[in-house]
Structures are given as C-alpha cells and as structure tokens.
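Tertiary structure, described
One-letter residues, chain by chain:
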Amino acid sequence: MGRNTEPARRFGALARGASMKTMLSELARSRFAAFREYIESTDPRARWLVLTHNNPDPDALAAAAALAKVLRSGFRRRATPAYGGIIGRAENQEMVRSLDLDFSQARRLKLAHYRYVALVDCQPATGNSPLPAERMPEVVVDHHPPRPGTAATPFHDIRTDYAAAATIAAEYLLASGVPVTRREATAIVYAIRSETLDFCRGSSAADRAIHDHFNALALSRLLGRIQNPRLPLDYFETLREALDNLYGVDTLILSRLGPVAQPDIVPEIADLLLRLEGCTWSMCSGLHEDRLYCSIRTTNTRADASRIMRRLVGRKGRGGGHGMIAGGWIPRARGDDDAVRRQQDRLAARLAGLLRKDPSRIGPITRA
Ligand SMILES: [Mn+2]
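Sequence order as written defines residue numbering, which begins from 1 separately in each chain. The predicted nature of this model means local features are confined to residues of pLDDT at least 70 and side-chain atom pairs, given and counted, to a pLDDT of 80 or more, with totals for whole chains, interfaces and linings taken over all residues.

**Looking at the overall build of the chain**
Quick reminder of the rule: Helix numbers and strand numbers start at the N terminus; a helix is a DSSP run of H or I with at least 4 residues, a strand a run of E with at least 2. With the radius of gyration taken over C-alpha atoms, the globule rule is written as 2.2 Å times the number of residues to the power 0.38. Residues are called buried when their C-beta atom has 20 or more other C-beta atoms within 10 Å, exposed when it has 12 or fewer, and partly exposed otherwise; all C-beta atoms are positioned from the backbone.
Of regular secondary structure, the chain possesses 13 helices and 13 strands. For 368 residues, the compact-globule formula gives about 21 Å, and the C-alpha radius of gyration of the chain, at 21 Å, lands near that figure. Dimensions of the chain along its principal axes, counting C-alpha atoms only, are 75 × 45 × 35 Å. Buried positions account for 45% of the 368 residues belonging to the chain.

If you want it as structure tokens, here you go:
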C-alpha cells in the first residue's frame, strides 16, 4: 500500500468503471451498508416483491427495476418488480417497451406468495400503492417526506433532498458492484430527467452525479424515442379540454378535466399549465373511475406543495408529494357530471384560499 502505487490503482479502478464507488457520498455508502446488513439477515430462499406506487412514473419504474436488480444480482434473492394501477403515459409505455422493463401488474400477483415487500418511490399506509395498509413492507426506499408508518419498517432509506428515488436505487447498484446494462442505465437517466423536468425543477448533487455517470452508458436513440413517443388521439382531445377550461386567480392557473383515460394526464397538464408566463401555482383535476385526481405544481422553491395537497384533499382523500409538486385524489362526488364539476370548482376555491388568494375572483383565463 505504498504511496507510489496509488496512481496506478486509481487508474485501474477507472478503467473498470468502478470509479463511482469513490464518488458515492459517505451517506450513500453508509445507507447501502445498512441495506446490505438488513438484506443479509433475511431468508435467502424467500421471495421479494418490489412495488412502485399506483400509476407509476418513470422514477418509480426505474427505481423498482434497479432495486430488483440489486436484490437479484447483488444478493441472489428472487425479486419480482410490480406496479399498481396503470402505466398510462405514452412515454412510460415506451420506456417499458424500449428498455425491456419486466414488470408485473400487482393485481395479478398473490401477496401471500411473497415473504418480503420493498416499497419504492412511496411509503406504507398512504393509499397510493397496491400494498394494503395493514401489510407492513420490510424495505422502503423513497424521497418523499417521511410518513408516520415508515419509521416502524425494518429498513427504510428516505432522502428528501434527492430529486429522484431512482438516484438512491442507482447508488445501491453502484455500491453493490453489480454490472449495469445500457438499457438499465437509460432507465435511470430518463427517470432523473423526467422527475426534474430536465433539471429545471431542482436536483441534488447526487442526482446530477448519477445522471452524468449513467448518461455515458445510456442509449441515446432509445432515450429520444421514449421522450417523443407517438400519442393516442385521446391525448389531444384531453389537451383541448384542458385548454378550453382554463381559469384562475392572480398567479394561480387552474384547469379541470372530465373522465380521463389514464390518471397520469392530470399531473402532465399541471406541469404544462405552470409554464404560462406569470404563473407561480397550477392545479389540474380529472376523473378516473370513482376518484377525482388532482395535481398541483409551483415555481416557488420554498413551498410545501405536499402539505397543501394533504390539506386540500382532507380526510376523505389521499395526497402527497415534494416541495414543488404534489398529487392526490378524493372520492368522486355522487351524482352526474355536473356534481363532479361543482366538486372540482370547490377544490379550486379551497386551493385559492390555502394560497391566500380570493376564491370569489376565480374566473376564466383569456387573452387580455
Ligand atoms: Mn419519485
């Protein structure tokens, strides 16, 4: 271990692509050490279910795929990645197709078949995963603010300063020394880009380091195909509906949708609305099956959108998020479409109130 051997060893590590190990922060390494210790204490023959939140986004899909890979290749565990709800957005469907992500629909699996459950990009008992509230997961890997049920789980790694849960899972991949395929690298890169809106929504040094490392391996042609997929006609119809129903007050912009083919379109519209010049808050709501889904966005980096969303949906609904983005749902109002529209208007008025804007001044947005 003489000083003169250092440069050669460092170069060797670089050449093998293991240099990232030295790039992982002290925190990342100690969290992985705790993860390793916990996984090694589990029964090596038992099955693992790796679950995303319902209607998974690219971050949830990439994080679950990476965590399942770590369990399989790093620890020789049997692991099944699965999701609840639907993979709705054309981008996400293209991601699964192009990158050969092997996901099961949780509805088709028997929970009792799995001795262990890992929840990714979500937390227990929050109403947004296929895991029933009474079934405690063994592992939670997430970047949303910690929820009460999480502290009691045997292993949890919650990093609220990370923009993507996929960044945490990618750090596990690197720390475990498991070789990563170019498709897996592409999934991680896309997850971080989409979760941060190409880094315009804020990110940590860890997100940027993981993105840049895996970007060198990513398949740019597939990345391009995922980011620009063909879109079904109902996407354009929903877009028209959203633009026909623009209203707002002050710097808050709102839109409401009727029944939507898939709930993921609601946050997508909220992202789009926030790009209107002069706006600092946006909200979109839309009906899917018996739930009214709602998403809010803000440009205010010091805001707590998650807390506002939870106050917005109240006791009957479920909501969560990060600082600048949040989503949730409430049970749809009984009655016809008009009853739901009035429910959407009440939601908009309540949000205006929470943001200290006068709800009685909410009106259509038109060109001055
Ligand atoms: Mn996420």
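**Some words on helix α5 (residues 90-98)**
Which entries qualify depends on this criterion: Think of the arc as the fan of directions from the helix axis to the C-beta atoms.
Taken together, the buried positions of α5 are E91, N92, M95 and V96. When α5 is viewed along its axis, its buried side chains cluster within an angular range of 135° and face the same direction. Where α5 terminates, the next one or two residues include D100, which has phi positive at roughly 55°.

**Some points on the confidence of the model for the chain**
Worth spelling out the cut-off: Scored from 0 to 100, pLDDT records how confident the predictor is in each individual residue. C-beta atoms are placed from the backbone for every residue, and two residues are taken to be in contact when these atoms lie within 7 Å.
Within the chain, residue pLDDT values average 93, and 94% of them lie at 70 or more. Across residues 1-18 the pLDDT falls below 50, and counting only partners more than four positions away or on other chains, this stretch makes three contacts in the model.

**Remarks on the nonpolar core**
Heads up, the rule is: Buried Ala, Val, Leu, Ile, Met, Phe, Trp, Tyr and Cys residues form a nonpolar core when they are connected through C-beta atoms within 7 Å.
Formed by 62 residues in total, the largest nonpolar core has its most connected members in A63, A66, L67 and I188. Here this core gets 11 residues from one element, more than from any other, and that element is helix α4 (residues 58-75). Those residues in contact with A63 that sit more than four places away from it in its chain are V120, D121, V141, A165, A166, A169 and A191. Listed in part, the 38 residues of the second largest apolar core include W281, A305, A352 and L355.

**Details of the sheet that holds strand β1 (residues 47-54)**
Heads up, the rule is: The pairing criterion is simple: DSSP has to find at least two bridges between the two strands.
Judged by pairing direction, the sheet is parallel, and its six strands sit side by side in the order β3-β2-β1-β4-β5-β6 without closing on themselves. Strand pairing shows two members of the sheet lacking a second neighbour, β3 (104-105) and β6 (155-158), which therefore form its edges. Across six bridges, the pairing between β1 and strand β2 (residues 78-84) is parallel. From the neighbouring strand, V50 faces β2, where its bridge partner is P81.

**Comments concerning the packing of helix α12 (residues 305-313) against helix α13 (residues 337-354)**
Cut-off, in case you're wondering: To get an axis, fit a line to the C-alpha atoms, keeping to the stretch in contact for a helix; angles then go from 0 to 180 degrees between the N-to-C directions. Small angles under 35 degrees read as roughly parallel and large ones over 145 as roughly antiparallel, with 65 to 115 read as roughly perpendicular and the rest as oblique. Note on convention: near helix rotated counterclockwise from far helix by under a right angle means a left-handed crossing. Clockwise means right-handed. Any residue that is not Ala, Val, Leu, Ile, Met, Phe, Trp, Tyr, Cys, Pro, Asp, Glu, Lys or Arg is counted as polar, Gly included; the first ten are nonpolar and the last four charged.
Taken N-terminus to C-terminus, the directions of α12 and α13 make an angle of 135°; their axes are 10 Å apart at the nearest point. Considering the angle they form, α12 stands oblique to α13. Like other packed secondary-structure pairs, α12 and α13 cross with a definite hand, here right-handed. The segment α12 lies against α13, with I308, R311 and L312 engaging L347, R350, L351 and L354. Here the contact of α12 with α13 is composed, by residue class, of five nonpolar, no polar and two charged.

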